[in-house]
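# Observations on the three-dimensional arrangement
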Amino acid sequence: MAKPFSLGGQGLCAGRDSGEPVTGDYPGAAPWHFTGGTIKRVIVNVSGRPYVDLEREAVALMARE
């Protein structure tokens, strides 16, 4: 069985999905485990520009006021 990998909460998972389904086609209930073969490699490229959630940043700033 694939070992799950996650960054910061639900974030990025490989081999399972324990959160909300991305589609209604998932059978049964969470957690959903990958059963379609063997995951031989997972590559995560983080070399691009970082994503900044401006709304979340604004809420955090307002909470500090």
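All values derive from a computational prediction rather than experimental measurement.

### Things to note about the environment of Val 42
- In this fold, Val 42 is placed in the loop between β2 (32-33) and α1 (54-64).
- The class of Val 42 is partly exposed, set by a relative accessible area of 48%.
- Counting along the chain gives 28 residues from Val 42 to Ala 14, while the straight-line C-alpha distance between them is 7.6 Å.

### A closer look at the confidence of the model for the chain
- Model confidence for the chain is summarised by a mean pLDDT of 76, while 78% of its residues fall at 70 or above.
- Summarising per-element confidence for the chain, the mean pLDDT is lowest in strand β1 (residues 16-17) (71) and highest in α1 (89).

### Brief notes about a nonpolar patch on the surface
- There is a patch of nonpolar side chains on the surface, built from Leu 12, Phe 34, Ile 39, Val 42, Val 44 and Val 46 and spanning about 520 Å² of accessible area.
- By the element assignment, Leu 12 lies in the segment before β1.

Reading the values: the criteria
- Residues numbered from 1 in each chain as written.
- Predicted model: local features only at pLDDT ≥ 70, side-chain atom pairs only at ≥ 80, totals over all residues.
- Heavy atoms only, no water.
- Helix = DSSP H or I, 4+ residues; strand = E, 2+ residues; numbered from the N terminus.
- Buried < 20%, exposed > 50% of the residue type's maximum accessible area, 1.4 Å probe, protein only.
- pLDDT = per-residue confidence, 0-100.
- Patch = residues over 30% accessible without salt bridge, like charges linked within 9 Å, V, L, I, M, F, W, Y side chains within 5 Å.
- Areas by Shrake-Rupley, 256 points an atom, 1.4 Å probe, with all protein chains shown as cover.
- Salt bridge = Lys/Arg side-chain N within 4 Å of Asp/Glu carboxyl O.

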